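Topology and contacts: notes
These are the residues of each chain, in order.
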Amino acid sequence: MARRVFIIAHAALATLACSVTIDNHSVLAVASEAGGGLADATHGSDAGMVQDDGGAGDGAAADGKPPDLCPSGGIKDLEFLAFVDDDGNGVSHDDAPRTLRLSDAFACNRPGTRILMINAAAGWCDPCQRESAALPAFAAEYGPRGVAIMTAIFQDQAGDPADQEFVHLWAETFSLSTPVLIDSKFLTERFIDVSAMPVNIFVDAETAEILTTATGADTGDDPLARYRDLLDSYLD
């Protein structure tokens, strides 16, 4: 019964998927019926399949004071209420939510971290569910290599702002061990195109610069295959 809540798509936000090719790789772009046409597949465009250095802000924390010794440029240091596996038992949903900043995953605060991957998801997005189901194994593989992963949930299955209860259910359903952000104010909107979900943002954890914003779904057996390729290229 817990999973059923995620697969009921809201009529106004029902998604369409079609295959496109970029850089000789066939991938999916997901377009919203409510949001208009398919996301532009031009590299580097505002709604592109892959956007480099997009959405960079001033790097300041929510209170306007960047953390000491952390980079002052790059991605804006947003603050969320989040479920975090503070007790180290391998799941995040059973810990009380607490404040978490993006900079908490930067190398200045977490030595050894090389890449921050922000996985943006919504309850009406079926490909987002596939990604979340694969994230625990993915995190276990790439965490030791210096990759920090956060999942930001911004809407529920009806397209309404994701509340604490919904995000808790999401984290529990997919047994996520990595932080799960309650993005009810849709703070991540500045980085993503909701007509091309899912969206994954890759940030250099030392400079806070956005390296790539990858959009669209992968239709293969591994929904995170494209991101493996990206991370391997950054980490090698």
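Residues numbered from 1 in each chain as written. Predicted model: local features only at pLDDT ≥ 70, side-chain atom pairs only at ≥ 80, totals over all residues. Heavy atoms only, no water.

Since one α-helical turn is 3.6 residues long, residues separated by three or four positions face the same way. Compared with the 24 Å implied by 1.5 Å per residue over 17 residues, the 24 Å span of helix α1 (residues 126–142) between its first and last C-alpha is a close match. At Leu135, α1 shows its maximal bend, which comes to roughly 45 degrees, and the proline Pro136 appears one to four places after that position. Those residues of α1 not exposed but buried are Pro127, Cys128, Gln129, Glu131, Ser132, Leu135, Phe138, Ala139 and Tyr142. Tucked inside the fold, the buried residues of α1 contact β6 (115–122), β7 (147–155), α2 (164–173), β9 (199–204) and α3 (225–235). (Helix = DSSP H or I, 4+ residues; strand = E, 2+ residues; numbered from the N terminus. Expected span 1.5 Å × (residues − 1). Bend = angle between axes of the 7 residues up to and from the residue. Buried < 20%, exposed > 50% of the residue type's maximum accessible area, 1.4 Å probe, protein only. Contact = heavy atoms within 4.5 Å.)

This part takes up the environment of Arg114. Within the secondary structure layout, Arg114 lies in the loop between β5 (98–101) and β6. Separated by 93 residues in the primary sequence, Arg114 and Thr207 have C-alpha atoms spaced 9.5 Å apart. In this structure, Arg114 is in contact with Arg145, Gly146, Val203, Asp204, Ala205, Tyr234 and Leu235, ignoring residues within four places of it in sequence. Of the polar contacts made by the side chain of Arg114, one reaches the backbone oxygen of Leu235; its length is 3.2 Å. (Polar contact = N/O pair within 3.5 Å; in protein donor to acceptor, adjacent residues only side chain to side chain.)

This part covers the state of the cysteines. Counted under the stated rule, the structure contains 2 disulfides. Here Cys125 connects covalently by a disulfide to Cys128, the sulfurs 2.3 Å from one another. Taking the sign of the S-S torsion, about 80 degrees here, the bridge from Cys125 to Cys128 comes out right-handed. The exposure class assigned to Cys128 is buried, which follows from its relative accessible area of 1%. Counting only the cysteines that take part in disulfides, in the order they occur along the protein, gives the pairing 1-2, 3-4. (Disulfide = S-S within 2.5 Å.)

Enumeration over the complete set of coordinates arrives at 6 salt bridges. Residue Arg101 is joined to Glu79 by a salt bridge in which the shortest nitrogen-to-oxygen separation is 3.0 Å. Taken together, the positions of Arg101 in strand β5 and Glu79 in strand β4 (residues 79–83) put the pair 22 residues apart, joining distant regions of the chain. With a relative accessible area of 16%, Arg101 lands in the buried category. (Salt bridge = Lys/Arg side-chain N within 4 Å of Asp/Glu carboxyl O.)

The next point concerns the packing of aromatic side chains. Counting across every chain of the model gives 6 aromatic pairs. With a centroid separation of 4.8 Å and 35 degrees between ring planes, the pair formed by Phe138 and Tyr142 is classed as tilted. Here Phe138 pairs with Tyr142, and both are found in helix α1, just 4 residues apart, close to one helical turn. In terms of burial, Phe138 and Tyr142 fall into one category: buried. Considering the side-chain rings of Phe166 and Trp170, the 6.2 Å spacing of their centres and the 45 degrees angle between planes classify their relative orientation as tilted. Of this pair, Phe166 and Trp170 both sit in helix α2, 4 residues apart, roughly one helical turn. Pair check on accessibility: Phe166 and Trp170 agree, each one buried. (Phe/Tyr/Trp six-rings, centres within 6.5 Å; stacked < 30°, edge-to-face > 60°.)

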